[in-house]
Protein chains: 2
Amino acid sequence: MADSNDDIIVTAHLMADAARAAILPYFRAGDLQSDNKRQIGFDPVTEADRAAERAMRAVLAQRRPGDAIIGEEYGDSAGSSGLSWILDPIDGTRAFISGATSWGVLIGLADASGLIYGIIDQPYIGERFEGGLGVSRLTGPRGEQALRVRRGVALDQATLMTTFPEVGTADEGAAFRRVAAQVRLTRYGLDCYAYALLALGQIDLVIEAGLQPYDIAGPLAVVQAAGGIVTDWQGGSAEAGGRVIAAASPEIHAAALDLLRG
Amino acid sequence: MADSNDDIIVTAHLMADAARAAILPYFRAGDLQSDNKRQIGFDPVTEADRAAERAMRAVLAQRRPGDAIIGEEYGDSAGSSGLSWILDPIDGTRAFISGATSWGVLIGLADASGLIYGIIDQPYIGERFEGGLGVSRLTGPRGEQALRVRRGVALDQATLMTTFPEVGTADEGAAFRRVAAQVRLTRYGLDCYAYALLALGQIDLVIEAGLQPYDIAGPLAVVQAAGGIVTDWQGGSAEAGGRVIAAASPEIHAAALDLLRG
């Protein structure tokens, strides 16, 4: 099992490396909007997305052909090993096309019990947040450090993040604002990077709605491995996406869930 | 004059280097909130802010003692050269305490004619955006590249950024939303990094309110050197701060100003 876990982790890093190499040439590559106008049908984000997913699938085909794959761009590929890789080659495409750095490559790995390992990779900054199979670490510009959520922060002292101020539907937005009204600081526009900051012990809550399974698989594994709690807004599994809350502590999770339920 | 400009630019880079060294030990340094609770009166952001401004002032004292200084933390120091440095050691303290990377060190330099040079530095990513005195460049993880705004993007295809969704007062927020309703994409939470992305040709508009002069000095010089337009919401000088609009082209600037005026 230790050998098998090592192979999984090595494979995941090779996948993330391959995605970085595939995506970075497209990031901030000239004036993408004007290129888009000149070459009808060329969508640089989709191109980068697809190239990255192909690169990750190529690593799996070579090293672990028996694993199943669920990818945002190329759909599902069946497997025989009981393990499934869940891939979002670029989470945060709006950040990506704006040149911001809150987008990331998301990799999740599930077995019959659920998610067991995940990566949030930010290729431009060169940060890789990773959790599961006994690992919980950030590898980045400062080298390697352990990921660990912070504890003991009350809701009225908490920092909350989400991506869009409207959050989701009108009802979802209203529920979000009930929580936002109680915390010390709310920040927007962070995409998957918000979950990375939660795992890093820098913030206390991430609340989002309308997520796809591939949006949350990697982040969920990273946050859980760092000691955080990730559920849907009813306290159930968040693996299917939809309405998701990630919290640094059981106390803050419970307090925010109460407010979300109204 | 060329020698003098070279000395200014070398000095500015030494200042930014010194600020980086002073700030980075405080960024994501453990659980700052808990530290804060344990050590009453210790505010890590203020400490980092002050240490960085002291470090920049020390560079000026050694290399250019005749220049005036206007700093966020230590106020005004008179000079005799006719040049004034305007310093914001950490713009985006809310991002800083959240571990996000949209904060920056801002340096502006003004003579009797107004701002002539500026820097937006992001120490953690290692990006330095710089403009004025014949220079317009980003030095970062990929080496050096020219900064240049993009042109030819119509308002309905534009990307708009600001820091806080409420923008400022109720009236200011309403004016902002008139512009936001017309653009293709609005993103929040970017702090000074939004101006850097504008200079880099990645976005088209930054609109903010309630700025201090030191919030806008560095960004203004960087955006103007890259070919952009920075004014207040009436089309006048933005050097005093307050309500600021930065635009990639005269056309998009005029269209957004019309909407801001209501």
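To be clear, the structure that these remarks concern was listed above.
Residues numbered from 1 in each chain as written. Chains lettered and ligands numbered in written order. Predicted model: local features only at pLDDT ≥ 70, side-chain atom pairs only at ≥ 80, totals over all residues. Heavy atoms only, no water.

## Comments concerning the pairing of strand S7 (residues 135-140) of chain A
All names here are of chain A.
Okay, step 1: Of the pairings in the sheet, the one linking strand S6 (residues 127-132) to S7 comprises 5 bridges and is antiparallel in character. Note that in S7 the partner of glycine 131 across the bridge is serine 136.
Okay, step 2: Connecting S6 to the next strand, S7, in antiparallel fashion are 2 residues, including leucine 133 with a positive phi near 55 degrees.
Okay, step 3: Two strands pair when backbone bridges link them, and S7 and strand S8 (residues 143-146) are joined in this way by 4 bridges, in the antiparallel orientation. Within S8, the position partnered with glycine 140 by the bridge is glycine 143.
Okay, step 4: What sits between S7 and S8 in their antiparallel hairpin is a turn of 2 residues. (Pairing = 2+ DSSP bridges. Helix = DSSP H or I, 4+ residues; strand = E, 2+ residues; numbered from the N terminus.)

## Let's talk about empty space enclosed by the protein
Okay, step 1: Inspection of the entire model under this criterion finds 2 cavities of 30 Å³ or more.
Okay, step 2: In this model, the largest cavity occupies a volume close to 140 Å³.
Okay, step 3: Lining the largest cavity are 15 residues; nearest its centre among them are A:Thr101, A:Ser102, A:Leu190, B:Thr101 and B:Ser102.
Okay, step 4: Residues of the lining of the largest cavity, tallied by class, amount to 9 nonpolar, 6 polar and no charged.
Okay, step 5: In this structure, the second largest cavity encloses a volume near 30 Å³. (1 Å grid on protein atoms, 1.4 Å probe; cavity = no way out; pocket = protein on both sides within 12 Å on 5 of 7 lines; lining within 4 Å. Points joined across faces, edges and corners; volume = space filled by probe spheres on them. Nonpolar A, V, L, I, M, F, W, Y, C, P; charged D, E, K, R; others polar.)

## Considering the interface of chain B and chain A
Okay, step 1: Listed as interface residues are 45 residues of chain B and, on the opposing side, 45 residues of chain A.
Okay, step 2: Counting the surface lost from both chain B and chain A, the interface buries some 3500 Å², and carbon and sulfur atoms represent 45% of this.
Okay, step 3: Summed over the shared surface of chain B and chain A, the result is 4 salt bridges.
Okay, step 4: Between B:Arg28 and A:Glu127 there is a salt bridge, with its nearest N and O atoms 2.9 Å apart.
Okay, step 5: Applying the counting rule to chain B against chain A returns 14 residue pairs in polar contact (both at pLDDT 80 or more).
Okay, step 6: Its residues placed into classes, the side of chain B that touches chain A shows 20 nonpolar, 13 polar and 12 charged. (Contact = heavy atoms within 4.5 Å. Buried area = accessible area lost by both parts, 1.4 Å probe. Salt bridge = Lys/Arg side-chain N within 4 Å of Asp/Glu carboxyl O. Polar contact = N/O pair within 3.5 Å; in protein donor to acceptor, adjacent residues only side chain to side chain.)

## As for the relation of the copies chain B and chain A
Okay, step 1: Superposing chain B onto chain A takes a rotation of 180 degrees combined with a translation of 0.0 Å along the rotation axis, leaving an RMSD of 0.0 Å. Expressed as a symmetry operation, the mapping of one chain copy onto the other fits a two-fold axis.
Okay, step 2: When you check the interface residues of chain B against chain A, 100% turn up at the interface there too, and the contact is symmetric in its surfaces. (Least-squares fit on C-alpha atoms with pLDDT ≥ 70 in both.)

## Section: the pairing of strand S5 (residues 114-122) of chain A
Residues and elements named next belong to chain A.
Okay, step 1: Counting buried positions over the 9 residues of S5 gives 8, a clear majority of the element.
Okay, step 2: Relative to S5, strand S4 (residues 104-111) is paired through 7 bridges, and the arrangement is antiparallel. Each bridged residue has a counterpart across the sheet, and for leucine 106 the counterpart in S5 is isoleucine 120.
Okay, step 3: The antiparallel hairpin formed by S4 and S5 contains 2 residues in its connecting segment. (Buried < 20%, exposed > 50% of the residue type's maximum accessible area, 1.4 Å probe, protein only.)

## Describing the pattern of salt bridges
Residue and element names in this part refer to chain A.
Okay, step 1: This structure, assessed with the given rule, holds 28 salt bridges over all chains.
Okay, step 2: A salt bridge links arginine 137 to glutamate 130; the nearest nitrogen and oxygen atoms lie 2.8 Å apart.
Okay, step 3: In this structure, a network of salt bridges that share partners links the residues Asp7, Arg63, Arg64 and Asp67.

## A closer look at the sheet that holds strand S10 (residues 185-188) of chain B
All names here are of chain B.
Okay, step 1: The strand order across the open sheet formed by 5 strands is S10-S9-S11-S13-S12, and the pairing between neighbours is mixed. Looking at the sheet topology across the chains shown, the edges are occupied by S10 and strand S12 (229-232). The sheet shows a mean angle of 20 degrees between the axes of neighbouring strands, taken without regard to direction.
Okay, step 2: Where S12 and strand S13 (residues 242-247) come together, 4 bridges link them in antiparallel fashion. If you follow valine 230 over to S13, its bridge partner there is alanine 246. (Axes fitted to C-alpha atoms, helices over the stretch in contact; angles between N-to-C directions.)

## Structural notes on the side chain of B:Glu127
Okay, step 1: Within the element layout of this structure, B:Glu127 appears in strand S6 (residues 127-132).
Okay, step 2: Owing to a relative accessible area of 0%, B:Glu127 belongs among the buried residues under this scheme.
Okay, step 3: Reaching out from B:Glu127, the side chain makes a polar contact with the side chain of B:Tyr193 at a distance of 2.4 Å.
Okay, step 4: Not counting the four nearest positions on each side in its chain, B:Glu127 is found in contact with A:Arg28, A:Tyr124, B:Arg20, B:Ile120, B:Asp121, B:Gln122, B:Leu138, B:Thr139, B:Gly140, B:Pro141 and B:Tyr193.

Function cannot be read off these values alone, since they describe shape.
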